[in-house]
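Structural characterization, general
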Amino acid sequence: MRKRGWAVARVALLGIGAGLGWACAPAPAAAQTVDSVAIKIRERLGRLGRPPAPDTATLPDSLTDTEIRVAQRRGSPAPATSTDSLIVRLLGLPGYDATQYRGTAADFDAESQVLVLRGDSASRASVVLRGTTLTADSLIRYEQAQGRVRAEGNPVFKAPDRDPVESQRVIYDLEAERGTAFGARTRYSEGATWFVTGDLPSVTPGVVYGEHTDFTSCELLVPHYHFRADHIKIVAGRILVARPVKLYFADVPVAWLPFIAQSLGTGRASGLLTPRFSINDIVRTSTGYNRRVSNVGFYWAVSDYADATVAMDWFSGNFTSLTGSVRYGWARQFLNGSINFREYWKEEGGTTLSFDTGHDWQIDERTRLNARASYVSDGDFVRRNSYDPYELTQSINSSGGLDRRFDWGNTSISGLRDQFLNTGRVTMTLPQVQLNLSPITLLRAPALRARWFNNLTWSGNLGARREIMDEADTLMGTAQILTPDQNKLAGNVSSRFGLGNLSWQQSLSVDKPTVLQVALPGAAAAVLAVSPSGRPLVGSAAAANAVTLTDIGQTNLNWNTSLGYQQTLIGSTTITPNLTLSGQARRSDTSLVAPDRFVSAPRRLAFGASLKSDLFGFFPGFGPFEAIRHKVSPGIDFSYAPEVTTSSPLQQAFFGRTAIQPRKEITLSFNQTFEAKRKAAPGDSARAAAAGPRVGAPAFGAPAFGAPGLGAPADTTRGLSAAGGLSGAGLRRAERANIVTLLALRTTAVQYDFVEADTAGSFLWGFRTTRIDNQISSDYLQGLQVSMGHELFLDTAVALPTGGERRERRFDLQLSDLNLGFALSNRSAIFRGLGLFGAAPDSAAAPPETAANTPPTRTPENPFVQTTAATDEASIIPRSDQRAGDPRAGPRSTEVGSWNASFTYSLVRHRSALQTGSQVLGANFTLKPTALWDLSWRTSYDIEQGAFNDHVIGLTRDIHDWEARFDFIKTATGNWSFRFDVALKANRDFKFDYQQRNTDVAPGR
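Residues numbered from 1 in each chain as written. Predicted model: local features only at pLDDT ≥ 70, side-chain atom pairs only at ≥ 80, totals over all residues. Heavy atoms only, no water.

Topic: the overall build of the protein chain
What counts is decided by this rule: Each helix is a run of DSSP H or I of at least 4 residues and each strand a run of E of at least 2, with the numbering of both proceeding from the N terminus. The rule is simple: take the accessible area with a 1.4 Å probe, protein chains only, and divide by the maximum for that residue type; under 20% is buried, over 50% is exposed, in between is partly exposed. Between two residues, a contact is recorded if the distance between any of their heavy atoms is within 4.5 Å. Shrake-Rupley sampling with a 1.4 Å probe provides the accessible areas, and residues are treated as covered by the protein chains on show and by no other component.
Across its full length, the protein chain holds 11 helices and 57 strands. The buried share among the 1005 residues of the protein chain stands at 36%. Sequence-distant contacts in the protein chain: of pairs separated by 6 or more residues, those separated by 24 or more amount to 51%. Counting every atom, the protein chain has about 56200 Å² of accessible surface; 58% of that belongs to carbon and sulfur.

Digging into empty space enclosed by the protein
Note the cut-off: Both cavities and pockets are sets of points on a 1 Å grid over the protein atoms alone; in a cavity a 1.4 Å probe fits but cannot get out, in a pocket the set is open with protein on both sides within 12 Å along at least five of seven lines, and lining residues sit with an atom within 4 Å of a point. Grid points are joined across faces, edges and corners, and a volume is the space filled by probe spheres set on the points. Gly is placed with the polar residues, together with every amino acid not listed as nonpolar (Ala, Val, Leu, Ile, Met, Phe, Trp, Tyr, Cys and Pro) or charged (Asp, Glu, Lys and Arg).
What the rule picks out here adds up to 6 cavities of 30 Å³ or more. Taken as a whole, the largest cavity encloses approximately 130 Å³ of empty space. What lines the largest cavity is a set of 14 residues, among which Arg 162, Val 165, Tyr 188, Thr 204 and Val 208 lie closest to the centre. Where the lining of the largest cavity is concerned, the elements lending two or more residues are strand E9 (156-158) and strand E12 (178-188). A per-element tally of the lining of the largest cavity places E12 first, with 3 residues. The residue makeup of the lining of the largest cavity, split by class, is 8 nonpolar, 2 polar and 4 charged. Quantified by volume, the second largest cavity comes out at close to 90 Å³. Surrounding the second largest cavity, Arg 276, Phe 277, Ser 278, Asp 281, Arg 292, Ser 294, Glu 873, Arg 979, Lys 991, Asp 993, Gln 995 and Arg 997 form its lining. Within the residue set of the lining of the second largest cavity, elements represented by two or more residues are strand E20 (292-303) and strand E57 (987-998).

Concerning the nonpolar core
Here is the rule we go by: By nonpolar core we mean a set of buried residues, namely Ala, Val, Leu, Ile, Met, Phe, Trp, Tyr and Cys, connected to one another through side-chain atoms within 4.5 Å.
Grouped together as the largest cluster of nonpolar side chains are 44 residues, with contacts concentrated most on Ile 140, Trp 194, Phe 215, Tyr 225, Phe 227, Ile 234 and Leu 984. Top element by residues in this core is strand E15 (residues 225-235). It accounts for 5 residues. Aside from chain neighbours lying at most four places away, what touches Leu 984 is Trp 194, Ser 217, Tyr 225, Phe 227, Asp 961, Trp 962 and Phe 990. One finds Phe 319, Val 376, Val 382 and Ile 877 within the second-largest nonpolar core, a separate group that totals 13 residues.

As for the side chain of Ser 278
With respect to the element layout, Ser 278 can be found in the loop between strand E19 (271-272) and helix H4 (279-282). Overall, Ser 278 belongs to the buried group, its relative accessible area being 1%. Apart from residues no more than four positions distant in its own chain, Ser 278 is found in contact with Tyr 289, Asp 993, Tyr 994 and Gln 995.

Observations regarding the pairing of strand E54 (residues 947-959)
Applicable threshold: By this definition, two strands are paired if DSSP reports at least two bridges between them.
Alignment of strand E53 (residues 933-942) against E54, held across 10 bridges, turns out to be antiparallel. Of the residues in E54, the one forming a bridge with Asp 942 is Ala 947. The antiparallel pairing of E53 with E54 creates a hairpin that spans 4 residues between the two strands, and Gly 946 there sits at a positive phi of about 70 degrees. Strand direction decides the pairing type here: E54 and strand E55 (residues 962-970), joined by 9 bridges, are antiparallel. Residue His 951 lies in a different strand from E55, and its bridge partner there is Lys 970. Following E54, the chain reverses through 2 residues before pairing antiparallel with E55; His 960 in that reversal takes a positive phi of roughly 60 degrees.

Considerations on the environment of Leu 240
Here Leu 240 lies in strand E16 (residues 239-249). Leu 240 gets classed as buried once you look at its relative accessible area, which sits at 0%. Linking Leu 240 and Gly 265, residues 25 residues apart in sequence, is a C-alpha distance of 9.9 Å. Setting aside residues up to four positions removed in sequence, Leu 240 forms contacts with Val 196, Phe 215, Ile 232, Lys 233, Ile 234, Ile 260, Ala 261, Gln 262 and Leu 264.

Some words on the pairing of strand E27 (residues 409-419)
Where strand E26 (residues 396-406) lies against E27, 11 bridges are found, and the strand directions are antiparallel. Looking at the pairing, Gly 400 lines up with Gly 415 of E27. In the sheet, E27 pairs with strand E28 (residues 426-437) via 10 bridges, with the strands oriented antiparallel. Each residue of the ladder has a partner; that of Thr 411, found in E28, is Leu 435. Linking E27 to E28, which pair antiparallel, is a turn of 6 residues; within it Gly 424 sits at a positive phi near 80 degrees.

Describing the pattern of salt bridges
Rules: Salt bridge, as applied in this entry: a Lys or Arg side-chain nitrogen positioned within 4 Å of an Asp or Glu carboxyl oxygen.
Going through the model one piece at a time under the given rule, you end up with 33 salt bridges. Arg 148 is paired through a salt bridge with Glu 143; the nearest N and O atoms lie 3.6 Å apart. Here Arg 148 falls in the partly exposed class, since its relative accessible area comes to 27%. Judged by relative accessible area, Glu 143 falls into the buried class, the value being 12%. Between Arg 771 and Asp 773 there is a salt bridge; the shortest N-O distance is 3.0 Å. By sharing partners, the salt bridges in this structure join Arg 771, Asp 773, Glu 791 and Asp 817 into a single network.

Things to note about unusual backbone geometry
Omega for the peptide link from Leu 430 to Pro 431 comes to -5 degrees, which places this bond in the cis form. Locating Pro 431 in the fold gives a position in strand E28. One non-glycine residue, Ala 250, lies in the positive phi region at around 60 degrees. In this fold, Ala 250 is placed in the loop between E16 and strand E17 (252-257). One non-glycine residue, Asn 455, lies in positive phi territory at about 60 degrees. Relative to the helices and strands, Asn 455 is located in the loop between strand E29 (440-442) and strand E30 (456-470). On the basis of relative accessible area, Asn 455 is assigned to the partly exposed category, the value being 26%.

A word on the packing of aromatic side chains
Just so we agree on the cut-off: In this scheme Phe, Tyr and Trp rings, the latter by its six-membered ring, pair at centre separations within 6.5 Å, and the angle between planes marks the pair as stacked below 30 degrees, edge-to-face above 60, and tilted otherwise.
Per the counting criterion, the structure on display carries 33 aromatic pairs. Seen in terms of ring centroids, Phe 654 and Phe 655 are 5.2 Å apart; in terms of plane orientation they differ by 65 degrees. Their pairing is edge-to-face. Across the pair, exposure class does not vary: Phe 654 and Phe 655 are buried alike. Ring centres of Tyr 752 and Phe 767 lie 4.8 Å apart, and the angle between their planes is 75 degrees; on these two criteria the pair is classed as edge-to-face. Here Tyr 752, found in strand E47 (residues 739-753), pairs with Phe 767, found in the loop between helix H9 (754-760) and strand E48 (771-778); they are 15 residues apart in sequence, far enough to count as distant. You can call Tyr 752 buried: its relative accessible area is 8%.

Okay, structure coming up:
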């Protein structure tokens, strides 16, 4: 049997003078005896006094390049400086390994079979075998009889695919393939980088044992901290285990552990989870403190595409929970998702179930399936035990759908469910079906040969949905007040024919709203019992018989067809006359005239016209702006429908006078925008000059056609230029102007009916629009978004002396709701203009080549990296996502002195004194005061209550290899948690922490 090992030829040691030698021989199990023939040859050569024959390497090689390459593939790589055919053949022998020797000098004793390689700091001695390298700047001694290699003078041992081991002295046993290193220093870079220093009695390619060894993740020569272990075992690529272990900061011992285990693998591996608990969970600081131990479980790496986790959480005096999580990610099939569930066993009895799941599957390039679902069986349990402010202030949302795109159109089937914790309301839209057909061109013909009837286009769509609103019942004393639920079915279908500027549209819609479980008139609202089917029985406490509930519904059917023609007047100004025929039908359970059949309303024929335009005003620039443009987009729609003279008494009684009387309606819309063009930077001017003059590139904002102030603005992004005028250098696109929106105002349309005003005898009753909404946005103040709604009128009822009442309306503008949001940072343009916080560029105002055309850099996402684990004890619903503002999200910026602040304000007002309004101010602030500190703070303040709703405060200190965090969380329900921990970056589970929490929910919250 042939063995591979370190070996040296008995006679052939070549090229030592050049500093390179090769040897090839079988590796015998025992030391071979000295060949007597070789001794006789040496004695004869000595007597003759002649030098040895010339080296065969100086002769022409007898092998072709192809034969050399074949021999090299069979054995070890051939030496780069040798083309000797004999050496090549030897290196190609099966069952043999080549050993390379390199040094400044070599001594070889053939009788004792000892080879000594010498080297220095400039040219180190080295031995290479099968990728394993041993180098030293003093000497390397190889004893073939003992199968041992010794290296002195800062030797370095390097195994294949392993980090090098530096030491003072190395002894390597070739037969056992095991070495011993004294005063060694090495590192393991799988996962985190660990530096190991000390004596290593046993070093093999797979396992390393150490005695009295230090290891640390600090790369400094004198580390800030280190672990010192009496015994250490390192399984390459898998794990580092040490016992017992002392933790030192500099040379001061601060902690003792019976053992420590650190994974060295870069992938996932099955194993026990690290339990989470703080110091005061072991030693309580007060008798009222409830201990908590979480994350006690097991992680299972099922395959390269899936894993699973099961963990237990024990909260003394509150609950015990079990969490399960399964995740999968199949990149080649574009499929990934997770299923997380948690079951709670409450201390007072009973259970609560919560789960969160998400799946995304790109089936093919045209089909996509996605689903997101969250659920909790007891919303009050979440309010009492959650420490997550986001979970308490947001609804629990679920959604899913299937989208499919065809050559002839696309279709989607989706669903949506929202669960509101504060009110207990549940709204659901399931199913929701939508089908959109791609435009079809009939009688297609080229533009130059097309007649008036060619290129007729047709498109259509249809949809259907079911909406459910489940209201939570309220408790008044010992009686339960039933709140009716609502159900609605709706569907629509529409189509459109287009022939040039002429269009013909048709639409049909039907909806059926239903109010469920409504008591009959005169029935009381107290629930006495529940029927075997689960239907509540309603009645008075004194009533002997239960009252049956009734579902009340109404079905509405509407249809219309319209014909319109759009004519361009000047620039972008268009007028579109139209003709519309419409009708409706209705059936209502509450109708006294026709409760059991459909009643059709009189058909209405309406004539109208729509006028739209864009008006421009140009003003000189100021400061960094070259020019200012004011764009106004007004719109006027007018519609007239004559009086219906063929209505029946049933139609008049069912639909009222509004379905019969004539209509004269006008609708006004008005939007405006202020835009500014920034001055070109000197570098931009130089580039434009180098590119040559532009042809057909109009000035900023100048109309392309028409009178000044009318028409469409010039498209500066589509102008063509010719470099060098007519030199034939070719056309190029005009430079894109750097335009920012200073202010944009959008207002909802106002509709007015002249006939209704005349009939009611008051000008104000003609307004069909009783609420107006405005939206304000700006690019100059980052993130500015303002939306507000105003109630225009106050309607009252005045009692008449003769009986009855009269409705009156007066103009009373009242702000009903307001939502405001904007962001500021040290890079905001408003501060740069004042010369504050440096001159860092504003991302919103950056040149187009850096802000618009350059894609943002981002780190590729790993589907198996969770920013928030499903076993996080702060949330009741197990999730696998991280939301903005979390103090554990890490620093937002690496620039010292950078800060970012965002503000939100919401206002809701009601005219009725019975309804209470709300005002909430929210703020989110991040700051990096120094290179080592990071601060984040998120809060919301209830102005009406005069109190803060919640706080999320995070303070992080970078301590080189360690990280200290101070977190404080307070929820809107009064739950609060304070935590301080110091964690090792190389192993986040190794930490020292202190945590206090409180779950006392404020009364009435």
